[in-house]
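# Report on the structure
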Amino acid sequence: MTYAARFLFGPVVLLSLGACFKQSWGPQNARGDNDKAAAEDAENPCPSGTPAPEQGGPIGFAAVDALDQGYTCGGLDAEPIVVTTEEEFEKALHNATPKVVHFDTAFRGSFDIGSNTTIEGGPHASIKGHLELDGCSNVIVKNVKIVGMNCTDAPMCKNGSDAITLSSEAHHIWFDHCDISDGSDGNMDITEAADYITVSWTKFWYSSARPGGHRFANLLGNSDAALTDAGHIHVTFHHDWWADNVSERMPRVRFGQVHLFDNLYTASGDDYCVGLGVDASILTENNLFSGVKNPTNASHANSNSVLESHGDAYENITGTHDNHGTGVFKPPYPYTLDPVEGVKAAVMSGAGQH
């Protein structure tokens, strides 16, 4: 069924952004008390105990029953809302009522995303600016191109320093088949005890080299001193592609348990790919590193940090790709590894917006 046809026929399971949504080019205030109360009172379409579907749902940590959420289902089967303007987009996403939002055009701005929402883009769906997932839960974002503001790290563009930020205990988030580029600080950062997240079939890249060389993809865990991240930052990356001009943080992890499988790394000219930080546990399986430097980097690890690689493949690489420590975590969900020999073709053809 075509994208247009799905607009005309009945509800489909899509991606959802909820009550935390706002748009502005200037400084933004925190979400108000009324919005927080609405988020607390909104009906969760997939509460704890809801069985995840055998097919069609997320694979990885976004599918784990935890924090009163059965699995990440977004707006589930809510009647789809089709939006064509930024104002309609903002209005559709403002509350935490379960919702499914479709769009197939270009939006600009900084948008704060809320709970119980599915957003699904058509082939022309793009956002130039910033997505903020601040304390939200049960959100799906699918088939959207997100381009950062590409500004310098200054107060005037603080809300655009990342193309996407997940923070303040946001949990059960699924990004699927997205194209994410040109974040000023990072393309997608996951900090402040954000949890139970899957990123699948998504491409991270930069359009060119940038002043200062700050071309970072994914920072997981805010700082070595951010002890509130301990016990959180459970993240799965699978069938993702770190591509042109990314220099590092693919991802860099502190405190979290992070599972990377069947991903592709082709970011030639990089500093390093997977960075092991303090108290982190990283499991990498059947990933392909091609033409990159330092597939793994443990220079920021401590005695509690663990990185284990199983079945990864390397072609034309330089630098380190060593394991560090022992006793990596065991993923608490089912998954099936694809043969590493087919990862490059599968990810190059399947990752990103379609």
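Worth saying up front: this structure is predicted, and the values here are computed from it rather than measured.

Now for the pairing of strand β22 (residues 281-285). In the case of a regular strand, side chains alternate between the two sheet surfaces. Taken across its five residues, β22 has five buried, putting it largely inside the fold. Here β22 shows a buried face lined by S281, L283 and E285 and a second buried face lined by I282 and T284. Alignment of strand β19 (residues 257-261) against β22, held across five bridges, turns out to be parallel. Residue pairing across strands places L260 opposite T284, the latter belonging to β22. Pairing between β22 and strand β25 (residues 306-310): five bridges, direction parallel. Bridging from a neighbouring strand, E285 pairs with H310 of β25.

Here the focus is helix α4 (residues 343-350). Looking at α4, one finds that the buried residues are V343, V347 and G350. The buried side chains of α4 occupy one side of the element, clustering within an arc of 85° when seen end-on. Exposed side chains of α4 directed beyond 90 degrees from the buried face belong to A345 and S349. Phi turns positive one or two residues past the end of α4, at G352, with a value near 95°.

Another aspect to go through is the packing of aromatic side chains. Given two aromatic rings, one states the distance between the centres and the angle between the planes to describe the pair. Enumeration according to the criterion identifies 14 aromatic pairs in this entry. Look at F204 and W242: their rings are 5.6 Å apart centre to centre, the planes differ by 15°, and that puts the pair in the stacked class. Separated by 38 residues along the polypeptide, F204 in strand β14 (residues 203-205) and W242 in strand β17 (residues 241-242) bring together distant segments of the chain. With respect to class, F204 is no different from W242; both count as buried. In textbook terms, an aromatic cluster arises when at least three aromatic residues are bridged by ring pairs, as seen for F61, Y196, F261, F329, Y333 and Y335. Of note, K203 hangs over the ring of W205, and the distance from its end group to the ring centre comes to 5.5 Å. We note K203 situated over the ring of W241; from NZ or CZ to the ring centre the distance is 4.5 Å.

In this section: the pattern of salt bridges. This model, assessed by the stated rule, comprises three salt bridges. As a salt-bridge pair, K142 and D176 come within 3.9 Å of each other at their nearest N and O atoms. With K142 in strand β7 (residues 137-142) and D176 in strand β10 (residues 171-176), this pair connects stretches of sequence that are 34 residues apart. Residue classification places D176 among the buried positions, given a relative accessible area of 5%.

Of the residues in the protein chain, 84% reach a pLDDT of 70 or more, and the chain-wide mean stands at 88. Segment residues 1-41 is flagged for pLDDT under 50; beyond a separation of four residues in sequence, or across chains, it makes 130 contacts in the model.

What counts and what doesn't
- Position numbers for residues count from 1 along each chain, tracking the sequence in the order it is written.
- In keeping with the predicted nature of the model, local features appear solely for residues at pLDDT of at least 70, side-chain atom pairs appear and are counted solely at 80 or more, and the whole-chain, interface and lining totals rest on all residues.
- Think of the side-chain values as coming from all heavy atoms in the structure, minus any hydrogens and water.
- Partly exposed describes any residue whose relative accessible area lies between the buried limit of under 20% and the exposed limit of over 50%, with all areas from a 1.4 Å probe on protein chains only and scaled to the type maximum.
- Helix and strand definitions follow DSSP, with helices as H or I runs of at least four residues and strands as E runs of at least two, each counted in order from the N terminus.
- At least two bridges found by DSSP between two strands is the condition for calling them paired.
- Our arc is simply the arc of the directions from the helix axis toward the C-beta atoms.
- Any two rings among Phe, Tyr and Trp, with Trp reduced to its six-membered ring, count as a pair given centres within 6.5 Å; such a pair is stacked if its planes are under 30 degrees apart, edge-to-face if over 60, and tilted if neither.
- Remark: a charge is flagged as sitting over a ring if the NZ atom of Lys or the CZ atom of Arg is within 6 Å of the ring centre and within 35 degrees of the ring normal.
- Basic side-chain nitrogens of Lys or Arg form a salt bridge, by our definition, when they fall within 4 Å of a carboxyl oxygen of Asp or Glu.
- Confidence scores per residue from the predictor, reported as pLDDT, run from 0 to 100.
- By definition, residues are in contact when any of their heavy atoms lie within 4.5 Å.

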